[in-house]
Structure formats: C-alpha cells, structure tokens
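Fold and geometry: a report
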Amino acid sequence: AANSDEIVVTAQKREQSAQHVSIAISAFTGKTAEALGVNNVQSLANVVPGVSLQSPGGPAQSEIGIRGVSSRDISPTKEGAVVMYLDDTYFPITSAAAKPVFDIERVEVLKGPQSTLFGRNASGGVIHIVSKQPTNTFEGYVQAGMGSFGEKEVQGAVSGPLSDNV
C-alpha cells in the first residue's frame, strides 16, 4: 500500500515514487506548492535548493538556473539550459516562467542534464509542472486578493463532468 505522504513523479517518463528515482529531484504536491507561495516558475528559486533566477533583460526575460547552470543570452528566441514543461508540453519562451500557475497536482524540479529523457537541450535540468486532472464530481475554488497600488488578483478552477458520459 502506498504511503499517503508519498509523491509520485514522472521524472523518468513513467510514474514512480520520488524515493525510487535515481535523479536529483525536488518534488512537492500542489497543496505544498501553494503553502510555500509558489505561484509561478520564478518563485521556485525561493523554495528549491540550487535553483536561481537571473533577469539580465528584465522580468520578461528571466532565466532559471539549476546548480549554477543557466544561460545569459537574452535573445527572445534562445533556449535556456533549464527547460520548462507544463503537462508534458515544452515551453521554449523564458517569459513563460513569469506566468501564473495554479490548480496543479505537483511540481518536479529535475537537477542536472536530462536531454535523454526530455529530448531538449536540458543541460541544467527540467522544471515540470503537472496540472490536476479532470474529476468525475463537480468541484472548484475561487481565490481573490488585493495588494499595493490597486493590485487585484483573482484565480479559480472548476472541474467535473459535462454530461453522464463526458
């Protein structure tokens, strides 16, 4: 029987317990990510050891580094040494790291070269975000917040069946 605290990851392109993966990995559930304040990929630098953030071209061109491996090229068409995937979809644009992420199942940060598994020039590592899957029952949430200078933020998600067979 699986331990309820066990995190199942897909770091090697198959589901495994994080304890049985022979890759240096930091993984946590969506609830843990929310509790740690992870609301975009850039915020991982605050909670994952060895992850750093550089912004040589400003916030829109942030570069994530893992264990000191990153790229300083600020060209918008370059691929970084650390690559990002959302639900197995590759995001080549570094500005995607600033986009909000929510309603996630888990976050996996794979440290070190991963090109044989992910097929990209991932010499620094991979950040893999996995969204929550659709559910068979209706559920959802809404969160709202306010900040300085009139900042307002609203996020939410809804899941459930569309009909008896969809």
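Heads up: the structure comes first, above all this text.
Overview of the structure.

Calculation criteria
- Residues numbered from 1 in each chain as written.
- Predicted model: local features only at pLDDT ≥ 70, side-chain atom pairs only at ≥ 80, totals over all residues.
- Heavy atoms only, no water.
- Salt bridge = Lys/Arg side-chain N within 4 Å of Asp/Glu carboxyl O.
- Helix = DSSP H or I, 4+ residues; strand = E, 2+ residues; numbered from the N terminus.
- Buried < 20%, exposed > 50% of the residue type's maximum accessible area, 1.4 Å probe, protein only.
- Pairing = 2+ DSSP bridges.
- Axes fitted to C-alpha atoms, helices over the stretch in contact; angles between N-to-C directions.
- Polar contact = N/O pair within 3.5 Å; in protein donor to acceptor, adjacent residues only side chain to side chain.
- Contact = heavy atoms within 4.5 Å.
- Core = buried A, V, L, I, M, F, W, Y, C linked by side-chain atoms within 4.5 Å.

1. A word on the pattern of salt bridges
- Counted by the stated rule, this structure contains two salt bridges.
- A salt bridge links Lys132 to Asp103; the nearest nitrogen and oxygen atoms lie 3.9 Å apart. In this pair, Lys132 is assigned in the loop between strand E9 (125-131) and strand E10 (139-146) and Asp103 in the loop between strand E7 (89-91) and strand E8 (104-111), connecting sequence segments 29 residues apart.
- A relative accessible area of 26% means that Asp103 is categorised as partly exposed.
- In this structure, the salt-bridge partner of Arg106 is Glu108, at a minimum N-O distance of 2.7 Å.
- Overall, Glu108 belongs to the buried group, its relative accessible area being 0%.

2. Brief notes about the sheet that holds strand E3 (residues 25-29)
- Strands sit in the order E3-E8-E9-E6-E7 across an open sheet of five strands; the sheet is mixed. At either margin of the open sheet sits one strand with a lone partner, and together these are E3 and E7. Direction aside, neighbouring strands of the sheet carry axes that sit 20° apart on average.
- Bridge analysis of strand E6 (residues 82-86) against E7 gives three bridges, and the strand direction is antiparallel. Counted as the bridge partner of Tyr85 is Tyr90 from E7.

3. Digging into the side chain of Ser26
- With respect to the secondary-structure elements, Ser26 resides in strand E3.
- Side-chain polar atoms of Ser26 contact the side chain of Lys111, separated by 3.3 Å.
- Ignoring any residue separated from it by four or fewer positions in sequence, one finds Ser26 in contact with Val48, Val107, Glu108, Val109 and Lys111.

4. A word on unusual backbone geometry
- If you check the backbone angles, Asp87 has positive phi at about 55° while not being a glycine.
- A relative accessible area of 34% places Asp87 in the partly exposed class.
- Even without being a glycine, Asp103 presents a positive backbone phi close to 55°.

5. Section: the nonpolar core
- Ranked by internal contacts, the top residues of the largest apolar core, which has 17 residues, are Phe28, Val41, Leu44, Val107, Val109 and Ile127.
- Contributing elements (two or more residues each) for this core: strand E5 (63-66), E6, E8 and E9.
- Looking at this core element by element, the count peaks at three residues for E8.
- With residues up to four places along the chain from it excluded, the contact list for Val107 reads Ser26, Ala27, Phe28, Ala33, Leu44 and His128.

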